[in-house]
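Now for the letters of each chain:
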Amino acid sequence: MSQLIRTYKKYDVNEVKAHLMIYGDLAAQCANCSELNVKLDMHQCPHCKTEYKYIAFRNVLTNMPKLHKIVEQRPSLQIIDHDDYKRHIGASKAQELFGDK
Ligand SMILES: [Zn+2]
């Protein structure tokens, strides 16, 4: 019986941001351009046309049925942890701010 088990992998945070859909409680958002009119089944952003390779759920527990659906229907989409993403994107913004690259 297969179950979801989280894994850890190294990603370039800026590359992830450029191709990430962030799913909130009711709607999705494009991480690249902040477009809000994004649907879960879209393969690219209706605004900036970026191709979605990653998805992060703000609330994994309430969206577990959707997460299972994505795994089944869109195996090419990498599901990444929203807290991890937020933490690293915050750190990379701070680095830019202080010129410490
Ligand atoms: Zn976009």
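Residues numbered from 1 in each chain as written. Predicted model: local features only at pLDDT ≥ 70, side-chain atom pairs only at ≥ 80, totals over all residues.

1. Topic: the overall build of the protein
Counting its regular elements, the protein contains 3 helices and 4 strands. Mapped in sequence order, the helices and strands of the protein form the string α-β-β-β-α-β-α. Its C-alpha radius of gyration of 14 Å places the protein within 12% of the 13 Å reference for a compact globule of 101 residues. When its C-alpha atoms are laid out on the principal axes, the protein stretches across 45 × 30 × 20 Å. The buried share of the protein, reckoned over its 101 residues, is 13%. Sequence separation of 24 or more characterises 46% of the internal contacts of the protein that already satisfy a separation of 6 or more. (Helix = DSSP H or I, 4+ residues; strand = E, 2+ residues; numbered from the N terminus. Rg over C-alpha atoms; globule rule 2.2 N^0.38 Å. Buried ≥ 20, exposed ≤ 12 C-beta atoms within 10 Å, placed from the backbone. Contact = placed C-beta atoms within 7 Å.)

2. Concerning unusual backbone geometry
Positioned with a positive phi, Ser 34 is a non-glycine residue whose angle comes to about 70°. Structurally, the position occupied by Ser 34 is in the loop between β2 (28-30) and β3 (54-57). On the basis of neighbour count, Ser 34 is assigned to the exposed category, with 12 C-beta atoms found within 10 Å. Of note, the phi angle at Lys 49 is positive, near 65°, even though the residue is not glycine. Position of Lys 49 relative to the elements: it lies in the loop between β2 and β3. By the C-beta count within 10 Å, which is 10 here, Lys 49 ends up exposed.

3. Notes on the sheet that holds strand β1 (residues 20-23)
Taken together, the 4 strands give an open sheet; going across it, the order is β2-β1-β3-β4, and neighbouring strands pair in mixed fashion. Two strands bound the open sheet, and with one partner strand each, they are β2 and β4 (78-81). Within the sheet, the average angular offset between the axes of one strand and its neighbour, ignoring direction, is 30°. Note: β3 against β4, 4 bridges, orientation parallel. (Pairing = 2+ DSSP bridges. Axes fitted to C-alpha atoms, helices over the stretch in contact; angles between N-to-C directions.)

4. A word on the nonpolar core
Residues Met 21, Ile 22, Tyr 23 and Ala 56 are the most contacted members of the largest nonpolar core, which totals 13 residues. Ranked by residue count, the leading element in this core is β1, at 4 residues. Other than its neighbours up to four places away in sequence, Met 21 contacts Ala 28, Cys 30, Val 38, Tyr 52 and Ile 55. (Core = buried A, V, L, I, M, F, W, Y, C linked by C-beta atoms within 7 Å.)

5. Thoughts on the environment of His 47
Here His 47 lies in the loop between β2 and β3. Accessibility expressed as a C-beta count within 10 Å gives 14 for His 47, which makes it partly exposed. The contact partners of His 47, leaving out residues within four places of it in the chain, are Cys 30, Cys 33 and Glu 35.

6. Digging into helix α3 (residues 82-97)
With 16 residues, α3 should cover 22 Å at 1.5 Å per step; its first-to-last C-alpha distance of 22 Å lies within 8% of that length. Across the 16 residues of α3, 0 count as buried, placing the element largely on the outside. One or two steps after α3, the chain reaches Gly 99, where phi turns positive at roughly 65°. (Expected span 1.5 Å × (residues − 1).)

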